[in-house]
Amino acid sequence: QAAAPYSGRLAGKTVTVTAGGTREPLDPVRFLGNRSSGKQGAAIAEAALAAGAQVRLIAAHMEVPVPAGVELVQVETALELRKAVHAAAASTDVLVMAAAVADFRPGENAETKIKKRDDGADPVITLVRNPDILQETVQRRAESGTGPALIVGFAAETGDGSASVLEYGRRKLERKGCDLLVLNQVGRSLVFGQDTTEVRILSPLDGPGTEPAAVAGSKAEIARHILDRIAEELDAALP
Ligand code: CTP
Ligand code: CA
């Protein structure tokens, strides 16, 4: 893709990207985490910078460098990420939720290191649900009438005997209420940590019979594709 026509498309816009994977503490030295590398989120932040946007990166644990030129907000847990997203929502045109947010956190975060017990009994970890930050942000926008003009969610699905990847994607888009959903098909080669992937971008405005085109490429190419779509949607939304 040529750089020239692309650059400047998001000049004057603020784009907030969440990236990486949250870590939920069990005690001072342990956490529950996930395999998100943050590559896709970092690529989106880079593509947004290249398009001329002001970029805020809300970064949970990432295994790749933070792109130079972003305003960085570092977070650890889903609850911290939620706080950062809510704080950013009022002053961003676009919110891209690329982070892998832990669905559950340990019910207790022990103040001191959990030790093996002398009686040999195994510890039991109780998990509690984390809030759905994406869904919440969509709701808050609807209630307040302010917030990001465009809220973009992500989903990685495998599909199974009862529904296809696309079907699960459509259901998730509807449940979350976001404006676009970037759907990753997770197959034999996992999305996590990989450099190439394939996505479809779903919109609530898609007709019932439509099959959004699948776009394959490096995470940088996918990021540019997503940013192109974001720019189109913003152009269409604004007078
Ligand atoms: N997400 C979020 N808050 C959560 C969980 C997910 O904001 N507590 C966001 C993710 O950042 C992503 C989108 O929601 O943009 C979809 O995440 P996903 O894990 O696929 O959705 P879930 O609703 O958690 O569904 P599942 O049960 O399939 O994990
Ligand atoms: Ca989830």
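In this text, all values refer to a predicted model and were calculated from it rather than measured experimentally.

A. Seen up close, the overall build of the protein chain. Helix and strand counts for the protein chain stand at five helices and 12 strands. Relative to the compact-globule value of 18 Å for 239 residues, the protein chain shows a C-alpha radius of gyration of 19 Å, a close match. With the principal axes as the frame, the protein chain shows a C-alpha extent of 65 × 40 × 40 Å. Excluding contacts between residues fewer than 6 apart, the proportion of contacts in the protein chain whose partners are at least 24 apart in sequence is 67%. Surface exposure of the protein chain reaches about 12800 Å², of which carbon and sulfur atoms provide 49%. Each charge sign in the protein chain was given a centre, from 27 positive and 31 negative side chains, and these centres are 2 Å apart.

B. Structural detail: the site of ligand 1. If you check the shell around ligand 1, you find 14 residues, and the closest are Met97, Leu134, Phe154, Lys172 and Lys176. Within the side chain of lysine 176, one N or O atom sits 2.8 Å away from an oxygen atom of ligand 1. Listing elements by their share of the shell around ligand 1, those giving two or more residues are helix H3 (133-144), strand S9 (150-157) and helix H4 (165-176). By residue class, the composition of the shell around ligand 1 is eight nonpolar, one polar and five charged.

C. Structural detail: the coordination of the calcium ion (ligand 2). Only Asp103 (OD) and Asp103 (OD) from the protein coordinate the calcium ion (ligand 2), and they sit 2.5 Å from it. Tracing the backbone through its elements, the reader meets aspartate 103 in the loop between strand S6 (94-97) and strand S7 (104-106).

D. Local environment of the pattern of salt bridges. Tallying each qualifying case throughout the model produces 12 salt bridges. For aspartate 235, the salt bridge is made with arginine 9, and the minimal N-O distance between the two is 3.9 Å. Separated by 226 residues along the polypeptide, aspartate 235 in helix H5 (residues 219-237) and arginine 9 in the segment before strand S1 (14-19) bring together distant segments of the chain. Judged by relative accessible area, which is 52%, aspartate 235 ranks as exposed.

E. Looking closely at the environment of alanine 220. Topologically, alanine 220 is positioned in helix H5. For alanine 220, a relative accessible area of 38% gives the class partly exposed. Separated by 175 residues in sequence, alanine 220 and alanine 45 place their C-alpha atoms 9.9 Å apart.

F. Region of interest: the side chain of threonine 14. Topologically, threonine 14 is positioned in strand S1. Assessed through its relative accessible area of 14%, threonine 14 is described here as buried. Setting aside chain neighbours within four positions, we find threonine 14 in contact with Gln54, Arg56, Ser91, Thr92, Asp93 and Val94.

G. Looking closely at the sheet that holds strand S11 (residues 196-202). The eight strands are arranged S5-S4-S1-S6-S9-S10-S11-S12 in an open sheet whose pairing can be described as mixed. Two strands lie at the open edges of the sheet, namely strand S5 (71-74) and strand S12 (215-218), each paired on one side alone. Adjacent strand axes in the sheet meet at a mean angle of 20°, parallel and antiparallel pairs treated alike. Bridge count between S1 and strand S4 (residues 54-59): six bridges; the pairing is parallel. Bridged to threonine 18 within S4 is isoleucine 58. Contacts from helix H2 (residues 78-89) reach S1, S4, S5 and S6 within the one sheet, and its direction differs from that of S4 by about 160°.

Definitions and cut-offs
Residues numbered from 1 in each chain as written. Chains lettered and ligands numbered in written order. Predicted model: local features only at pLDDT ≥ 70, side-chain atom pairs only at ≥ 80, totals over all residues. Heavy atoms only, no water. Helix = DSSP H or I, 4+ residues; strand = E, 2+ residues; numbered from the N terminus. Rg over C-alpha atoms; globule rule 2.2 N^0.38 Å. Contact = heavy atoms within 4.5 Å. Areas by Shrake-Rupley, 256 points an atom, 1.4 Å probe, with all protein chains shown as cover. Lys, Arg positive; Asp, Glu negative; His and termini not counted. Charge placed at Lys NZ, Arg CZ, Asp CG, Glu CD. Near = heavy atom within 4 Å. Polar contact = N/O pair within 3.5 Å; in protein donor to acceptor, adjacent residues only side chain to side chain. Nonpolar A, V, L, I, M, F, W, Y, C, P; charged D, E, K, R; others polar. Donors = N, O, S within 2.8 Å, 3.2 Å for Na, K, Ca; no water. Salt bridge = Lys/Arg side-chain N within 4 Å of Asp/Glu carboxyl O. Buried < 20%, exposed > 50% of the residue type's maximum accessible area, 1.4 Å probe, protein only. Pairing = 2+ DSSP bridges. Axes fitted to C-alpha atoms, helices over the stretch in contact; angles between N-to-C directions.

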